[in-house]
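Per-entry structural report
Given next are the chains, with one letter for each unit.
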Amino acid sequence: MRRAGMLGDELRARHLSVYLTRLGIENTVRRYHDDFEIWVQDDRLEEARGYLEQYRRGPVRASPQTVSRIGPQPLTLGLVMICVILYLLSLTPFRDVILLNFFLFPEAVLQGQWWRLLTPVLLHFSLLHIVFNMLWLYLLGNVIEYRESALVLALEVVSIGVGSNLAQWYAAGPSFGGMSGVIYGLLGYIWVRSRRHPGSGYYIENGVIVMMLVWLVVCFTGWLGPVANTAHVSGLLLGLLWGLVR
């Protein structure tokens, strides 16, 4: 790799790195004293330097010809559909059957019903609950599945889901559900990856992180009714851990 140039602001350097990655230009950001160097693959050096000069004059914009929007990814879309279907079924007389078979009852798990360790994340109890969670699941899960693979997303959903479910059960018992713990985990993962590996293609605005943390605090106030706060916090911590070890 060769150095294309440098910027004095880390956030701007990372933003440019994401843009170059979307263009298919392999790159990395390296700190040099108080500045941040952009290093790129040799055969795209001049092209990258052109984008860097453009970026110094103002934010670069992706054109429809060079950057395509991320389409629906299979696993993410499948998870959203399963959650929506279960929510719709919970509005019918099948509600009790679904809850009894999906809640995390330790006795049932010990009898071999291991799926209960994960299935609470598929349950949602109000229209706001399902809409909010599915919107974030689609946005965050789609990016991870596209940038890495369905396998990576599946491992994160399962590990964060099981971990946050167990933490919530330990704190408040089995009557809970929702994808929120997983969503906070995916958010934490993307945030850490974007900071530690700027060339990974991940980018998330600080304002989004602040908004989600404020929402986390609001949930603790009790204004929104019963909320699985332990699942939220443990899910976030597990996501941060995922970002640190990858």
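Located above this text is the structure these notes cover.
Quick summary incoming for the structure in this document. (Residues numbered from 1 in each chain as written. Predicted model: local features only at pLDDT ≥ 70, side-chain atom pairs only at ≥ 80, totals over all residues. Heavy atoms only, no water.)

Our focus in this paragraph is the overall build of the chain. If you tally the helices and strands in the chain, you get 10 helices and three strands. Each helix (α) and strand (β) of the chain, taken in turn from the N terminus, gives the series β-α-β-β-α-α-α-α-α-α-α-α-α. Summarising its shape, the C-alpha atoms of the chain cover approximately 65 × 35 × 35 Å along the three principal directions. Residues counted as buried form 44% of the 246 residues belonging to the chain. (Helix = DSSP H or I, 4+ residues; strand = E, 2+ residues; numbered from the N terminus. Buried < 20%, exposed > 50% of the residue type's maximum accessible area, 1.4 Å probe, protein only.)

Our next topic: helix α9 (residues 206-221). The end-to-end C-alpha separation of α9 is 23 Å, in line with the 22 Å expected for 16 residues at 1.5 Å each. Residues of α9 that are buried make contact with α6 (127-147), α8 (180-196) and α10 (229-245). One or two residues past the end of α9 sits Gly 222, with phi positive at roughly 90°. (Expected span 1.5 Å × (residues − 1). Contact = heavy atoms within 4.5 Å.)

The end-to-end C-alpha distance of helix α2 (residues 45-57), which contains 13 residues, comes to 19 Å, matching closely the 18 Å that a straight helix rising 1.5 Å per residue would cover. On the buried face of α2, the contacting elements are β1 (2-7), α1 (10-22) and β3 (35-40).

Considering all chains together, one arrives at five salt bridges under this definition. Linking Arg 44 and Glu 47 is a salt bridge whose minimum nitrogen-to-oxygen distance equals 2.6 Å. For Glu 47, a relative accessible area of 33% translates into the label partly exposed. Residues Arg 246 and Glu 148 are paired through a salt bridge, measuring 2.4 Å at the closest nitrogen-oxygen approach. A residue pair is termed long-range when its members are at least 10 positions apart, and Arg 246 in the segment after α10 and Glu 148 in the loop between α6 and α7 (150-172) qualify at 98 residues. On the accessibility criterion, Glu 148 (22% relative accessible area) is partly exposed. (Salt bridge = Lys/Arg side-chain N within 4 Å of Asp/Glu carboxyl O.)

So, on to the packing of α6 against α7. The N-to-C vectors of α6 and α7 enclose an angle of 135°; their axes lie 7 Å apart at closest approach. As the angle between them shows, α6 and α7 are arranged oblique. Along the contact surface, α6 presents Gly 141, Ile 144 and Glu 145, while α7 presents Ala 150, Val 152, Leu 153 and Glu 156. When its residues are assigned to classes, the contact of α6 with α7 shows four nonpolar, one polar and two charged. (Axes fitted to C-alpha atoms, helices over the stretch in contact; angles between N-to-C directions. Parallel < 35°, antiparallel > 145°, perpendicular 65-115°, else oblique. Nonpolar A, V, L, I, M, F, W, Y, C, P; charged D, E, K, R; others polar.)

For the rest of this paragraph, the subject is the packing of aromatic side chains. For the structure on display, the rule yields four aromatic pairs. An angle of 75° between the planes, with centres 6.3 Å apart, marks the rings of Trp 114 and Trp 115 as edge-to-face. With 6.4 Å between their ring centres and 85° between their planes, Tyr 189 and Trp 242 make a pair best called edge-to-face. Residue Tyr 189 is located in helix α8, and its partner Trp 242 is located in helix α10; the two are separated by 53 residues in the primary sequence. Here Tyr 189 and Trp 242 have matching classes, each one buried. (Phe/Tyr/Trp six-rings, centres within 6.5 Å; stacked < 30°, edge-to-face > 60°.)

Further remarks concern the nonpolar core. Counting residues in each nonpolar core, the largest one holds 37 residues, and the members touching the most others are Leu 137, Ile 144 and Met 179. Elements represented by at least two residues in this core include exactly α3 (74-89), α4 (95-102), α6, α7, α8, α9 and α10. If one sorts the elements of this core by residue count, α8 sits on top with seven residues. Once residues within four sequence positions are removed from consideration, Met 179 is found in contact with Cys 83, Val 121, Leu 122, His 124, Asn 133, Met 134 and Leu 137. Counting 17 residues, the second largest nonpolar core, distinct from the first, contains Tyr 19, Leu 20, Phe 36 and Ala 48. (Core = buried A, V, L, I, M, F, W, Y, C linked by side-chain atoms within 4.5 Å.)

Residues other than glycine seldom take positive phi values, yet His 33 does so here, at roughly 55°. Tracing the sequence through the fold places His 33 in the loop between β2 (27-32) and β3. Residue His 33 is classed as exposed on the basis of its relative accessible area of 61%.

With that settled, consider the pairing of β2. Successive residues of a regular strand alternate their side chains across the two faces of the sheet. Alignment of β2 against β3, held across six bridges, turns out to be antiparallel. Bridge assignment links Thr 28 to a residue of β3, and that residue is Trp 39. Counted between consecutive antiparallel strands, the loop separating β2 from β3 contains two residues, among which His 33 sits at a positive phi close to 55°. (Pairing = 2+ DSSP bridges.)

Once that is clear, we can look at the sheet that holds β1. Taken together, three strands build an open sheet; the order of strands is β1-β3-β2 and the sheet is antiparallel. Of all strands in the sheet, those with a lone pairing partner are β1 and β2, marking the two edges. Adjacent strand axes in the sheet meet at a mean angle of 30°, parallel and antiparallel pairs treated alike. Examined bridge by bridge, β1 and β3 share five bridges and lie antiparallel to one another. Looking across to β3, one finds that Arg 3 is bridged to Trp 39. Strands in contact with α1 are β1, β2 and β3; relative to β3, the strand with the most contacts, it is inclined by about 10°. Docked against the sheet, α2 engages β1 and β3, running at close to 5° with respect to β1.

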